[in-house]
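# Examination of the molecular architecture
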Amino acid sequence: MTIIVAGGSGFIGRALIKKLLDERHTVILLTRDPSGVRQTHPDLRVEPWDAKTVGSWQEVVNGADSI
């Protein structure tokens, strides 16, 4: 399953992402600051997102099973 997480760089988001990745889901993190995200798992995909600007994040949202 492909799951998108917005706001996943905080305490709860990091735990959620780890659990989802451990369960072998494809996880995409939408974040305003991709350079500030500590890459804690090699399979985590990070996409820049500000909820205002059209960007590559739109393509991943269209293919997601869950957001």
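Residues numbered from 1 in each chain as written. Predicted model: local features only at pLDDT ≥ 70, side-chain atom pairs only at ≥ 80, totals over all residues. Heavy atoms only, no water.

## Description of the nonpolar core
- By size, the foremost hydrophobic cluster in this structure holds nine residues: Ile3, Val5, Ile17, Leu20, Leu21, Val27, Leu29, Val37 and Leu44.
- Elements supplying a minimum of two residues to this core: strand S1 (2-6), helix H1 (11-22) and strand S2 (26-31).
- Sorting elements by how many residues they give to this core places H1 first, with three residues.
- Once you skip the residues sitting within four places of it in the chain, Leu29 turns out to touch Val5, Gly8, Ser9, Ile17, Val37, Leu44, Arg45, Val46 and Glu47.
- One finds Ile4, Ile28, Trp57 and Val60 within the second-largest nonpolar core, a separate group that totals five residues. (Core = buried A, V, L, I, M, F, W, Y, C linked by side-chain atoms within 4.5 Å. Buried < 20%, exposed > 50% of the residue type's maximum accessible area, 1.4 Å probe, protein only. Helix = DSSP H or I, 4+ residues; strand = E, 2+ residues; numbered from the N terminus. Contact = heavy atoms within 4.5 Å.)

## Thoughts on H1
- An ideal rise of 1.5 Å per residue puts 16 Å on 12 residues; H1 measures up with 17 Å between its terminal C-alpha atoms.
- By the burial criterion, the buried members of H1 are Gly13, Ile17, Leu20 and Leu21. Buried residues in H1, looked at end-on, bunch into an arc of 95 degrees, giving them a common side. Away from its buried face by more than 90 degrees, H1 exposes Phe11, Ile12, Lys18 and Lys19. (Expected span 1.5 Å × (residues − 1). Arc of directions from axis to C-beta.)

## A short note on the side chain of Glu47
- As for its position among the elements, Glu47 is in strand S3 (residues 45-48).
- Within the structure, the side chain of Glu47 is placed 3.0 Å from the side chain of Arg45, a separation counted as a polar contact.
- In this structure Glu47 touches Ile28, Leu29, Leu30, Thr31, Ser56, Trp57 and Val60, once residues within four positions along its chain are discounted. (Polar contact = N/O pair within 3.5 Å; in protein donor to acceptor, adjacent residues only side chain to side chain.)

Bear in mind that shape data such as this cannot, by itself, settle questions of function.
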